There are 2 protein chains.
Amino acid sequence: MAMSEKFKDKKVIMIGTVCELTGLSARKIRYYEERGLLFPGRSSAGNRKYSFSDIEALMEIANQLEDGTKTNEIKKELKRKNM
Amino acid sequence: MAMSEKFKDKKVIMIGTVCELTGLSARKIRYYEERGLLFPGRSSAGNRKYSFSDIEALMEIANQLEDGTKTNEIKKELKRKNM
DNA sequence: CGTGTAAGGAATTCTGACACG
DNA sequence: CGTGTAAGGAATTCTGACACG
């Protein structure tokens, strides 16, 4: 598992599809990005593109928010993991 | 490998993205569908949704067409495989 | 047969903002 | 703080058709 054609990490899914897959509103998804919790790609026209990994992350973020965790704390957690 | 969350087979990619990934025109991609060579899903609004598997199939189809194979023949081949 | 294109409409996405709290 | 919504614009996708061959 190094560099390759990992379908799971390819950013190719548009926000509308992500909404269907996660049950989250586009507003929420964009807000989590604004808060630095995920980093979708962009099409040439500026449209967001997500990967299946992003979708999994979104589900996790939604769960944590339901538990009362602040976006700020979720972000700190993320930093810890990526070290 | 039975029923599960196979990212590779999830139909979530819109045609514009497929064009970028394959280098094929939307016209070609829709035509191959019309000829029965692949079966994308559809969003609620009627927009085509492709999987990574569909994209791989498209690359293969494009190669065969370049070699002079007719869509009709490619379709027959497909039938043979799916038996 | 395989593919380009102009045509018109419908649906999507984008951003910045006001709202509530 | 997290999220809904109306606002206006820009880009996407869809279908059926004419074109060439």
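Because the structure is predicted, anything quoted here is derived from the model rather than measured.

A. Quick look at the relation of the copies chain B and chain A. It takes a turn of 180° to lay chain B on chain A, together with a shift of 0.0 Å along the axis; the resulting RMSD is 0.0 Å. Here the symmetry operator amounts to a two-fold rotation axis. Nearest to the rotation axis, the C-alpha of Ile13 of chain B is located 2.8 Å from it, this being the minimum over chain B. Interface overlap between copies: 100% of the residues of chain B at the interface are likewise at the interface in chain A, consistent with a symmetric, same-surface contact.

B. Representation of the nonpolar core. Core analysis: the largest hydrophobic core is formed by 36 residues, its most contacted members being Ile29 of chain A together with Ile29 of chain B. Those elements giving two or more residues to this core turn out to be helix 1 (15–22), helix 2 (26–34) and helix 3 (52–66) of chain A together with helix 1 (15–22), helix 2 (26–34) and helix 3 (52–66) of chain B. Those residues within four positions of Ile29 of chain B in sequence are excluded, and the remaining contacts are Ile15, Val18, Cys19, Thr22, Leu24, Leu38, Tyr50 and Leu58 of chain B.

C. Just the protein's contact with DNA strand C, in detail. Within the structure, DNA strand C sits among 17 residues, and Gly16, Arg30 and Arg48 of chain A together with Ser25 and Tyr31 of chain B are positioned closest to it. For DNA strand C, the backbone makes up 73% of the atoms found within 4 Å of the protein, where backbone means sugar plus phosphate. Contact distances for DNA strand C include 3.1 Å between a phosphate oxygen and a side-chain N or O atom of Arg42 of chain A. With respect to DNA strand C, the side chain of Arg27 of chain B contributes an N or O atom lying 2.9 Å from a base oxygen. Put simply, the parts of the chain that give the surface near DNA strand C at least two residues each are helix 1 and helix 2 of chain A together with helix 2 of chain B. Top contributing element to the surface near DNA strand C by residue count: helix 2 of chain B, with 4 residues. For the surface near DNA strand C, the per-class residue count stands at 4 nonpolar, 5 polar and 8 charged.

Conventions used here
- Residues numbered from 1 in each chain as written.
- Chains lettered and ligands numbered in written order.
- Predicted model: local features only at pLDDT ≥ 70, side-chain atom pairs only at ≥ 80, totals over all residues.
- Heavy atoms only, no water.
- Least-squares fit on C-alpha atoms with pLDDT ≥ 70 in both.
- Contact = heavy atoms within 4.5 Å.
- Core = buried A, V, L, I, M, F, W, Y, C linked by side-chain atoms within 4.5 Å.
- Buried < 20%, exposed > 50% of the residue type's maximum accessible area, 1.4 Å probe, protein only.
- Helix = DSSP H or I, 4+ residues; strand = E, 2+ residues; numbered from the N terminus.
- Near = heavy atom within 4 Å.
- Polar contact = N/O pair within 3.5 Å; in protein donor to acceptor, adjacent residues only side chain to side chain.
- Nonpolar A, V, L, I, M, F, W, Y, C, P; charged D, E, K, R; others polar.

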